[in-house]
Amino acid sequence: MSFNNVIKPLVIAILAMTFLNACDKTPQVETEPELRPVRTILLKAVDVSQALEFTAVVDALNRADLAFKISGNLTHFLVKQGDKVNKGDVIAKLDDTDLKIYVAEAQAHFDTAMADLTRAQSLVKTNYISASEFDQIRTKAQSAKAQLASANNNLDYSTLRASFDGVIAKVYSKNYQEINAKEPIVRLHDLSEIQLIVNIPESIMIHLKKNAAQGVVSATFNSIEDHNFPLQFSEVATLADEHSKTYEVIFTMKALDGYAILPGMTALVHAQVAREQSENQVYPSFYLPSHTVLKDSLGNYVYVVKEHKTGVGKIFRKPVVIGNITAQGIEVFTSFTSEELSGSSAGLQSGDHVITAGMSKVSAGSLVKFTQSSELATISTKKNNRDIL
């Protein structure tokens, strides 16, 4: 047996064993450590606006008592209460028989005066009449023109017309009555929009800024359930009523389809007025469950989670200034300088996710299992100091 015949099978056997050993080895797969889930609450800023309620009286946007400018006998009365009229529509008429006679007389005098003036213009050029005589004739012509205009005006005044689109709210006279000049005949209301008039006491008025009326203002009516109607600020009186010492504020709203909101009705006006913060009165920025606030030698703090990547959050420590424990939770203030927050300039903000469970298992900088869906801190939206007037 030759040497090659012995070595060759031996080499093949060694290579086969090496290949089999390589196939038996399982590849090593690196696995990421399992992240700890945390429960969070989504911060929402506290609404510290003051809720105010006032009783309001409804009034028309425009109103007018229509009257004749001249006296006379009422012969045509064309409307009744509740009728809708348009601008220019005839409301009533006076007997115009004598007025037409006055117009005819004034027209005749005017025609005669104009004819005299025309002749005088030719005569004065030839010095047949003096300049003073011409001036007298011209003055008579001007007077006749004014008398004719006055007669025509009085004839026009015998017809009473609507001064704007609206509704006849009240009728003061009846047909065939003798009417005096400027005596009200009807009251006309424009109900395309309505006004809501409230009287604000000086104790509240003194704390309102000029732009306070631009807040959220709405109205409700007792007979219209589950409806809240937005209002627009119109005007405010800066002089108090002599008797009640209140200030009149007027809001407006569009007329409601399907509802007859009429002058004299009452409504409840709701207003959200922002309260000013001062050195003596500071309002909390947030309310948190008391157990979420931790404390160590550096002071009070909470843990906040921010998204690091999809499904993974990173823990951040945020110092806080706390107040009293209330039914809404513990008060948290952010209206302080960075020095008051232990040198941190990144305090809590609306939209932060604060950890509410598992705080002892995490630390700043650690990664946790995290999704954006969190429990909303609805307790922080409670309205404060509701005043009813």
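This one's a predicted model, so the numbers in the text were calculated from it and none came from an experiment. (Residues numbered from 1 in each chain as written. Predicted model: local features only at pLDDT ≥ 70, side-chain atom pairs only at ≥ 80, totals over all residues. Heavy atoms only, no water.)

**A short note on the sheet that holds strand β15 (residues 286–288)**
Sheet architecture is open: 3 strands sit in the order β15-β20-β19, paired in antiparallel fashion. Both outer strands of the open sheet, β15 and β19 (321–326), are each paired with one neighbouring strand and no more. Each strand of the sheet is rotated relative to its neighbour by a mean of 35 degrees, with strand direction disregarded. Where β15 lies against strand β20 (residues 329–333), 3 bridges are found, and the strand directions are antiparallel. When the bridges of β20 are listed, Phe-286 appears paired with Val-332. (Pairing = 2+ DSSP bridges. Helix = DSSP H or I, 4+ residues; strand = E, 2+ residues; numbered from the N terminus. Axes fitted to C-alpha atoms, helices over the stretch in contact; angles between N-to-C directions.)

**Looking at the environment of Lys-80**
Positionally, Lys-80 belongs in the loop between β3 (72–77) and β4 (84–85). Once the C-alpha coordinates of Lys-80 and Ile-91 are considered, the two residues, 11 residues apart in sequence, prove to be 9.3 Å apart.

**Concerning the side chain of Asp-352**
Among the secondary structure elements, Asp-352 is positioned in the loop between β20 and β21 (353–357). A relative accessible area of 9% places Asp-352 in the buried class. (Buried < 20%, exposed > 50% of the residue type's maximum accessible area, 1.4 Å probe, protein only.)

**Structural notes on the pairing of strand β7 (residues 166–171)**
Along any regular strand the residues' side chains alternate between the sheet's two faces. Relative to β7, β4 runs antiparallel, the two sharing 2 bridges. When the sheet's bridge partners are listed, Lys-84 is paired in β7 with Val-167. Relative to strand β9 (residues 184–201), β7 is paired through 4 bridges, and the arrangement is antiparallel. Bridge pairing links Lys-170 to Arg-187 in β9.

**Brief notes about the environment of Gly-264**
Note that Gly-264 resides in the loop between β13 (246–254) and β14 (266–273). Along the primary structure Gly-264 and Leu-196 are separated by 68 residues, whereas in three dimensions their C-alpha atoms are 9.8 Å apart. When near neighbours in sequence (up to four residues on either side) are disregarded, Gly-264 contacts Val-57 and Val-58. (Contact = heavy atoms within 4.5 Å.)

**Thoughts on the pattern of salt bridges**
Per the stated rule, a full pass over the model turns up 9 salt bridges. Between Asp-135 and Arg-138 there is a salt bridge, with its nearest N and O atoms 3.0 Å apart. Linking Asp-135 with Arg-138, this pair stays in helix α3 (residues 131–157), spanning 3 residues, or about one helical turn. (Salt bridge = Lys/Arg side-chain N within 4 Å of Asp/Glu carboxyl O.)

**A word on a negative patch on the surface**
On the surface, a cluster of negative charge is contributed by Glu-235, Asp-241, Glu-242 and Glu-248. The residue Glu-248 is located in strand β13 in this model. The partly exposed category is assigned to Glu-248, whose relative accessible area is 35%. (Patch = residues over 30% accessible without salt bridge, like charges linked within 9 Å, V, L, I, M, F, W, Y side chains within 5 Å. Areas by Shrake-Rupley, 256 points an atom, 1.4 Å probe, with all protein chains shown as cover. Lys, Arg positive; Asp, Glu negative; His and termini not counted. Charge placed at Lys NZ, Arg CZ, Asp CG, Glu CD.)

**Digging into unusual backbone geometry**
The phi dihedral of Asn-127 falls on the positive side, at around 60 degrees, and the residue is not glycine. Relative to the assigned elements, Asn-127 resides in the loop between α2 (97–125) and α3. The exposure class assigned to Asn-127 is exposed, which follows from its relative accessible area of 67%. In this model, Tyr-176 sits at a positive phi of 75 degrees, which is unusual for a non-glycine residue. In this structure, Tyr-176 sits in the loop between β7 and β8 (178–179).

**Looking at the confidence of the model for the protein**
In regions of low pLDDT, the predicted coordinates are not meant to be interpreted in detail. Taken residue by residue, the protein gives an average pLDDT of 81. The fraction at 70 or more is 77%. In the model of the protein, strand β24 (residues 384–388) stands out as the element of lowest mean pLDDT, 40, in contrast to strand β6 (residues 159–161), which has the highest, 97. Taken as a whole, residues 337–345 scores under 50 in pLDDT and shows 10 contacts with residues more than four places along the chain or in a different chain. A low-confidence stretch, residues 378–389 stays under pLDDT 50, and its non-local contacts, those more than four residues away or across chains, total 36 contacts. (pLDDT = per-residue confidence, 0-100.)

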